[in-house]
Amino acid sequence: MAQDFKKTLNLPKTKFPMRANLAKREPDFLSFWENEDIYNKLREKNTNNETFILHDGPPYANGNIHIGTAFNKILKDFIPKYKWMRGYYAPYVPGWDTHGLPIELRVLREKGITKEEIPGATLRSQCQAYAEKYIDVQREEFKRLGVLGEWGNPYLTFRPEYEATQLEAFSDMAEKELIYKGLKSVYWCTDCQTALAAAEIEYEDESSTSIYVAYPLLDISDRFPSLAGKEVSVLIWTTTTWTLPASQAVAIHPALTYGFFPTEDGHIYLFAKELQGKMERISGLEFGQPLLTVKGKELELAMTRHPFYDDRELPIVLADYVQLDQGTGCVHTAPGHGVEDFETGMRYNLVVANPVDSKGVFLPDTPLVGGKDLSDGAEVILDELRTRNRLLGTERIVHSYPHCWRCKQPVIFRATEQWFVSVAQFRKQALQQIDNVQWVPHWGQDRIMNMVRDRSDWCISRQRVWGVPIPAFYCSDCGGLVLTPDRIRRVADRVRKEGSNIWWELSPRDLLGDLASCPACGSTKLRKDTDIMDVWFDSGVSHLSVLENWPDLSWPADMYLEGSDQHRGWFQTSLLTSVAIRGRAPYRSVLTHGFIVDGEGRKMSKSLGNVIAPQEIIQKYGADILRLWVASTDYRNDVRISDSIVKNLVESYRRIRNTARFMLGNLRGFSPSDILPYKELTEIDQWILSKLQRVISKSTQSFDRYEFHVPTFIIHQFCVNEISSLLLDTGKDRLYCEHPSNTRRRSAQTVMWYLLDALTRMLAPVLSFTAEEIWQYLRKIDPTMQESVLLADWPTIWEQADDRALEEEWETLLSYRGAVSRALEQARSREIIGHPLESRITIDGDGKTMTSMQRREPSFWEELCIVSQMAFAPPAASMERFEDEQTGLIIGIGPAKGEKCPRCWRFTEQASADGLCPRCAEVMERLSSEERLD
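Nothing here was measured: the structure is a model prediction, and the numbers come from that model.

Caption draft 1: Just the overall build of the chain, in detail. Counting secondary structure elements, the chain contains 28 helices and 33 strands. The C-alpha radius of gyration of the chain comes to 38 Å, more than 25% above the 30 Å expected for a compact globule of 934 residues. Here the analysis covers contacts within the chain between residues at least 6 apart in sequence; of these, 77% occur between residues at least 24 apart. Accessible surface computed for the chain: about 39200 Å², of which carbon and sulfur atoms make up 46%.

Caption draft 2: Focus on the sheet that holds strand 22 (residues 526-528). With antiparallel pairing, three strands are arranged side by side in an open sheet as 21-20-22. Strands with a single pairing partner mark the edges of an open sheet, and in this sheet they are strand 21 (481-482) and strand 22. Where strand 20 (residues 473-475) and strand 22 come together, three bridges link them in antiparallel fashion. The partner of Tyr474 across the bridge, within strand 22, is Arg527.

Caption draft 3: Expanded view of the sheet that holds strand 28 (residues 839-844). Taking strand neighbours across the sheet as the criterion, the four strands line up as 29-28-31-30 in an open arrangement whose pairing is mixed. Single-partner strands in this sheet number two, and they are strand 29 (869-872) and strand 30 (880-883). Direction aside, the axes of adjacent strands within the sheet are offset by 20° on average. Of the strand pairs in this sheet, strand 30 and strand 31 (residues 890-895) are connected by four bridges, and their pairing is antiparallel. The partner of Glu880 across the bridge, within strand 31, is Ile893. Sitting on the sheet, helix 25 (residues 804-829) is in contact with strand 28, strand 30 and strand 31, with an inclination near 45° to strand 31.

Caption draft 4: Expanded view of the packing of helix 19 (residues 623-632) against helix 20 (residues 643-666). For the pair helix 19 and helix 20, the least separation of the axes is 10 Å and the interaxial angle reads 100°. Here helix 19 lies roughly perpendicular to helix 20, going by the angle between them. For the pair formed by helix 19 and helix 20, the contact residues are Ile625, Leu628, Trp629 and Ser632 on the first element and Ile645, Val646, Leu649, Val650 and Tyr653 on the second. For the contact of helix 19 with helix 20, the residue count by class is eight nonpolar, one polar and no charged.

Caption draft 5: How the structure looks around empty space enclosed by the protein. Summed over the entire model, instances satisfying the criterion amount to five cavities of 30 Å³ or more. Lining the largest cavity are 16 residues, and of these Gly100, Leu101, Glu200, Arg462 and Val535 sit closest to its centre. At the level of secondary structure, the elements contributing two or more residues to the lining of the largest cavity comprise helix 4 (101-111), strand 5 (194-196) and strand 23 (532-533). Partitioned by chemical class, the residues of the lining of the largest cavity number eight nonpolar, three polar and five charged.

Caption draft 6: Molecular detail of the pairing of strand 4 (residues 179-189). Most of strand 4 sits inside the fold, with eight of its 11 residues counted as buried. Note: strand 4 against strand 16 (residues 412-421), 10 bridges, orientation antiparallel. Counted as the bridge partner of Gly182 is Gln418 from strand 16. As paired elements, strand 4 and strand 5 share three bridges and run antiparallel to each other.

Caption draft 7: Focus on the side chain of Asp457. If you trace the backbone, Asp457 turns up in the loop between helix 11 (443-454) and strand 18 (458-459). Within the structure, the side chain of Asp457 is placed 2.7 Å from the side chain of Tyr180, a separation counted as a polar contact. At 3.1 Å, the side chain of Asp457 and the backbone nitrogen of Val423 are in polar contact. The residues touching Asp457, leaving out its near neighbours within four places in the chain, are Tyr180, Lys184, Phe420, Val421, Ser422, Val423 and Ala424.

Caption draft 8: A look at the side chain of Ser747. Within the fold, Ser747 resides in helix 23 (residues 743-763). Of the polar contacts made by the side chain of Ser747, one reaches the backbone nitrogen of Thr682; its length is 3.0 Å. A polar contact of 2.4 Å, which involves the side chain of Ser747, links it to the side chain of Asp685. Setting aside chain neighbours within four positions, we find Ser747 in contact with Leu676, Leu681, Thr682, Asp685 and Arg734.

Caption draft 9: View of the layout of surface pockets. If you add up the space inside the largest pocket, you get close to 2100 Å³. In this structure, the largest pocket is lined by 49 residues; those nearest its centre are His66, Thr69, Glu202, Lys408 and Asp565. Of all elements in the fold, only helix 3 (67-85), strand 6 (201-218), helix 15 (535-540), strand 24 (557-563), strand 26 (596-598) and helix 18 (614-620) reach the threshold of two or more residues within the lining of the largest pocket. Class assignment of the residues belonging to the lining of the largest pocket gives a composition of 18 nonpolar, 17 polar and 14 charged.

Caption draft 10: Just a negative patch on the surface, in detail. A surface patch of negative charge is lined by Glu231, Glu264, Asp265 and Glu286. Examined against the element boundaries, Glu286 turns out to sit in the loop between helix 7 (276-283) and strand 11 (292-295). Among the residues examined, Glu286 registers a relative accessible area of 59% and is labelled exposed.

Caption draft 11: A look at a positive patch on the surface. On the surface, Lys13, Lys15, Arg668 and Lys780 cluster together to form a positively charged patch. By the secondary structure assignment, Arg668 is in the loop between helix 20 and helix 21 (683-704).

Caption draft 12: The arrangement of the environment of Asn10 in detail. Note on placement: Asn10 falls in the segment before helix 1 (22-35). Separated by 2.6 Å, the side chain of Asn10 and the backbone oxygen of Glu738 make a polar contact.

Caption draft 13: Here's a closer look at the packing of helix 11 against helix 17 (residues 570-582). For the pair helix 11 and helix 17, the least separation of the axes is 11 Å and the interaxial angle reads 60°. In terms of orientation, helix 11 and helix 17 fall into the oblique class. In the packing of helix 11 onto helix 17, the handedness of the crossing is right-handed. Of the residues in helix 17, those in contact with Ile448, Met451 and Val452 of helix 11 are Phe571, Gln572 and Leu575.

Caption draft 14: Quick look at unusual backbone geometry. Pro441 follows Val440 through a cis peptide bond whose omega is -5°. Structurally, Pro441 is set in the loop between strand 17 (438-440) and helix 11. With an omega dihedral of 0°, the bond running from Trp555 to Pro556 counts as a cis peptide bond. Despite not being glycine, Glu177 has its phi angle at roughly 60°, a positive value. When you line up the elements, Glu177 lands in the loop between helix 6 (160-175) and strand 4.

Reading guide: rules and limits
- Residues numbered from 1 in each chain as written.
- Predicted model: local features only at pLDDT ≥ 70, side-chain atom pairs only at ≥ 80, totals over all residues.
- Heavy atoms only, no water.
- Helix = DSSP H or I, 4+ residues; strand = E, 2+ residues; numbered from the N terminus.
- Rg over C-alpha atoms; globule rule 2.2 N^0.38 Å.
- Contact = heavy atoms within 4.5 Å.
- Areas by Shrake-Rupley, 256 points an atom, 1.4 Å probe, with all protein chains shown as cover.
- Pairing = 2+ DSSP bridges.
- Axes fitted to C-alpha atoms, helices over the stretch in contact; angles between N-to-C directions.
- Parallel < 35°, antiparallel > 145°, perpendicular 65-115°, else oblique.
- Nonpolar A, V, L, I, M, F, W, Y, C, P; charged D, E, K, R; others polar.
- 1 Å grid on protein atoms, 1.4 Å probe; cavity = no way out; pocket = protein on both sides within 12 Å on 5 of 7 lines; lining within 4 Å.
- Points joined across faces, edges and corners; volume = space filled by probe spheres on them.
- Buried < 20%, exposed > 50% of the residue type's maximum accessible area, 1.4 Å probe, protein only.
- Polar contact = N/O pair within 3.5 Å; in protein donor to acceptor, adjacent residues only side chain to side chain.
- Patch = residues over 30% accessible without salt bridge, like charges linked within 9 Å, V, L, I, M, F, W, Y side chains within 5 Å.
- Salt bridge = Lys/Arg side-chain N within 4 Å of Asp/Glu carboxyl O.
- Lys, Arg positive; Asp, Glu negative; His and termini not counted.
- Charge placed at Lys NZ, Arg CZ, Asp CG, Glu CD.
- Left-handed = near helix turned anticlockwise from the far one by under 90°.

Encoded structure:
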């Protein structure tokens, strides 16, 4: 009966499971990190070291996290973990944005009431409870992603200390006279019934009816006598019919050429000369050659009559924003319903009329349309224009139109009394500060630069309840506005102690004490402002409310990291408040990532059915697969995700995991005392260690540049190519078949120990759960290692192992191995051999090549090429001949001579009585001797 030699082999053995089962196993590591207080141990370990502060942009606390939120939080998590391992003191304090309209509306809808039907303090308490509920939900979801941070003490914008610092920031800006209240045309959401800032606007395609309306020109013959006795009208264009009741002027471009075009019925219409053909198509009229052409500037302050308010005369005004791509070159102007219209109105001292209330209904005393909503009012206006023969045409157009970012409804422009930050006063300084920031990627600089350069003053007031109050008072006797720094700070002091609900609960006297009087007239009859601050002001001062209130943190932050939409949002509002108060940017660097889209590049939408929930991926595959997805993408562009992308990532993950498992299995019986000095390692092991130094170097450089997809790719390729396909494949013979303490085997184990140790550390910021799992198995080999991989140091270059000359030499050696492998594959396909170990080969070639190969013994090449016998000679007549075009080698392949060793499967012509090759016979003799000694 043949002897079973399998039990004498050093086959890999480990309890590290092949199946990751991450969804089930990851929560155990979360518990481990929490129970062992790993975050605070990191703080202790790196205390007094150089700091790196990544300031968390607060997600909104009103629902479960989505795939974009998960991407953002995981991307952030990579950085502090890497910085901790590099020795920085890198605290991460997560936070939440808790005030604002969505929460207030959700609470009111659940209660079935309006904000007027419930006391302000009561509504605010219910809003806070709602926010706290989703803070807890999101906190657990973020922790489940493997994000490490100060979860027990996050920052929340409703906390009194946060609100007080916000009010103090408001006071600083008021003291510099950067805060004012004024009538201005602002974005207004009639559904949410509040003003909106530019950062709260999303542009979507909207189908609208554009109309062409005749405004009669008055006394135009006084300027142009040739028009005497003729009926002349200027033809205007608008896409917002409902704004015509507020029309106060007609805007034209000063440099455009305008023509007075006659029709068959004797009427004359004024519009841009270039648009004659278009106007004939839309109106159905036939216009003759213009009786007169003039430049727009020649028409300034000519008077027209409103198309249906006969008592209103309107001037023609000049505006550079009038273009020829749409309309007639003549635009009706309503300062109460447009930003550009408002600015034009200020220049020409026009009436700023706003006949529309907060719900989008015309005020009762508005002629013709009073009491009607905007849609019904527009129909009435169209009917009136037709009756008066003032409507020359209509057409449907699709154009980009502003929508509310919360309710997704179209907004209107509406002139109201609002609070503003005077950005114009410090815009130049803000633009200069943008140049002092590192923008990753670099295009972020141009993006925010253009937005800040073109932005108007910042509307910071909202007509709601759930937020930080604007701490202004009004004198009931003299009507004056009371907004002084000392009074604001008095309110801030009370808020710090008792919370901002006191604004709704206390009287001005209780809030201000001895300051409860009008500085102008001395009256004590004060009333409070009813507006709250824009939530973008809330989060925009987080650099003060957080970085200066947490002992671990410091101002300014080293990094802000959010999606590209935040160039007009948090990045910008933080910059504005910081420059206004401190004169510099609140961050040293800003990293921007793209949006999450599906596998075809489409925006995710429930209607398209392409939404992927992070919770589903975690439940099916585990959080490390999500983390690998984040690390594998180039976040500088839009990021794709789909089921097929996730499945490919799962396969990539398996290759990394199986490589680690194979190495752990082969470290059975190994201990740190078995580590060999570098000079005693085999050449291939020295080569792989040098390649490892290259991986460490490139990965470190890429992490420093925040290019996380680069080290992820490098490590994966290193595992697949150099480790699995070469080192482990060629090393199986010495690992399995040599005596357990054989130096060549110990060399392989030594290099696997170094590989696992370094790769696990480099994987820790990305595959945190898997790295921890591997680390705990390594600790069983060496219990002196840190108790968590997250407490370990980042691997550094081992100078002795960094051998560029050896790597260059091995490029040549591997090219020869490649030639042999190609020949073996052809021989297998021709059924000359089966397994490569069943072959013997000969190598021949030019003198230079053979000199290079013969520097190493045939046994070296037998191991590297995984063949039983190899010789430097021309192919024998009985061998199949292969010529390799790439290397010029001539390779002969034939069946191996001798017998197959039943233990190592190599063929030998010197078999023992048991059929063993000399090496295996020696090992067996030694093992038997050791058993006898035992």
